[in-house]
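Overview (structure and organization)
The lines below spell out each chain.
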Amino acid sequence: MVTFPTIGRKWGIAMRIAICEDNAHDAAEIRSYLEQHFERNGFAGEIMTYETGEALLVSFSPGVYDIVFLDIYLPGISGIDAARKIRAADPDCTIVFITVDAAHMPSGFALRAASYVVKPITSEQMETALLQCRRVFMKNARYIEVKTGGQSVKIPLIKILYIEIRDKAASVYTPDGVVKTYTSMDELEHMLGGSPFMRCHRSYIINMNYVDDVLENDFLIRGGARVPIRKNGMKEIRRTVGSFFSERLFEEV
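Basis of the calculations
Residues numbered from 1 in each chain as written. Predicted model: local features only at pLDDT ≥ 70, side-chain atom pairs only at ≥ 80, totals over all residues. Heavy atoms only, no water. Core = buried A, V, L, I, M, F, W, Y, C linked by side-chain atoms within 4.5 Å. Buried < 20%, exposed > 50% of the residue type's maximum accessible area, 1.4 Å probe, protein only. Helix = DSSP H or I, 4+ residues; strand = E, 2+ residues; numbered from the N terminus. Contact = heavy atoms within 4.5 Å. Lys, Arg positive; Asp, Glu negative; His and termini not counted. Salt bridge = Lys/Arg side-chain N within 4 Å of Asp/Glu carboxyl O. Polar contact = N/O pair within 3.5 Å; in protein donor to acceptor, adjacent residues only side chain to side chain. Phe/Tyr/Trp six-rings, centres within 6.5 Å; stacked < 30°, edge-to-face > 60°.

Some words on the nonpolar core
- In terms of nonpolar packing, the biggest core is built from 22 residues, with Tyr-50, Leu-56, Tyr-65, Val-68, Leu-70, Ile-86 and Phe-97 touching the most fellow members.
- Residue assignment for this core shows that the elements contributing at least two residues are strand 2 (16-20), strand 3 (46-50), strand 4 (67-71), helix 3 (79-89) and strand 5 (94-99).
- With four residues, the single largest contributor to this core is helix 3.
- Dropping the residues within four chain positions of it, Tyr-65 is found in contact with Arg-16, Ile-17, Ala-18, Met-48, Tyr-50, Leu-56, Ser-59, Phe-60, Asp-90 and Cys-93.
- Ile-19, Phe-69, Val-96 and Ile-98 belong to the second-largest nonpolar core, a separate cluster that totals 20 residues.

Quick word on the side chain of Arg-87
- Along the chain, the position of Arg-87 falls in helix 3.
- Look at Arg-87: it is buried, it has no salt bridge, and the nearest opposite charge is Asp-90 at 5.7 Å.
- Within the local environment of Arg-87, its side chain forms a polar contact with the backbone oxygen of Asp-90, the two atoms lying 3.1 Å apart.
- Setting aside anything within four residues of it in sequence, one finds Arg-87 in contact with Asp-92, Cys-93, Ile-95, Leu-111 and Arg-112.

Some words on the pattern of salt bridges
- Applying the stated rule across the entire model yields 12 salt bridges.
- We note a salt bridge from Asp-81 to Arg-84, for which the minimum N-O separation is 2.6 Å. One end of the pair is Asp-81 and the other is Arg-84, both in helix 3 and three residues apart, which spans about a single turn.
- The class for Arg-84 is partly exposed, based on a relative accessible area of 43%.
- We note a salt bridge from Asp-212 to Arg-222, for which the minimum N-O separation is 3.7 Å. Residue Asp-212 is found in strand 14 (residues 211-214), and its partner Arg-222 is found in the loop between strand 15 (218-221) and strand 16 (226-228); the two are separated by 10 residues along the sequence.
- Taken together, the shared-partner salt bridges connect Glu-21, Asp-26, Asp-71 and Lys-119 into one network.

Examining the packing of aromatic side chains
- Evaluated as defined, the whole model comprises four aromatic pairs.
- Aromatic side chains Phe-97 and Tyr-116 sit 5.6 Å apart centroid to centroid with 40° between the ring planes, which places their arrangement in the tilted category. One end of the pair, Phe-97, is in strand 5; the other, Tyr-116, is in strand 6 (residues 115-118), and 19 residues separate them in sequence. Neither residue differs from the other here; Phe-97 and Tyr-116 are each classed as buried.
- Between the aromatic rings of Tyr-162 and Tyr-173, the centroid separation amounts to 4.4 Å while the plane-to-plane angle is 10°, which identifies the pairing as stacked. Remark: Tyr-173 occurs in strand 10 (residues 169-174) and Tyr-162 occurs in strand 9 (residues 162-166); sequence separation between them is 11 residues.
- Residue classification places Tyr-162 among the buried residues on the basis of a relative accessible area of 10%.
- Residue classification places Tyr-173 among the partly exposed residues on the basis of a relative accessible area of 22%.

Below is the structure:
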């Protein structure tokens, strides 16, 4: 079993995706398409890969995976037989079959497969498959919605670096730019829902996932910005971020 890097591990999002594929190149290609889809749409999740159906089934239990990309032709137990066991254990798990031909489609439909990806894998096929999985993605998407320039804008939580408020106007900093809103800091803090977000100063909220360093009086945010730490409670704030870093490192070991 290979564990790929987690995307948005600390978001409190339960979405987990398994790729069961004995061809390492194809597995890496599927993973790449998934990561690109996550990034474009502000989703977050964890991707696990397995080379055999047996290995997947050993780690499988109801609810552990939201989506399984499953190669039909595997060494040992076939993808179809593995899917039967998955479906018997978890009726809600979304299955996408990977195959070199469409001969097994009737069996896949009987097992309520969401989609098929026929090799060679293309971006068009993956987008179609992911569109069929949209219910799962939408269930796990998280964002805040704020008013800016007279219209509502949805900002994926995974893209928020930090928030600054000045003269009652809040600036939400993301890799794509800055969104300005008159939503109050207290309301924004409530909308964000806690970790990995933290109110480190009366005028700032940081996303701890994007803290690159803890300086004497500031946090260094990815991209070079510095966010001040309030003096009152500074030790507790620094301790909270240190614990967050420790937990993240432990999870990635």
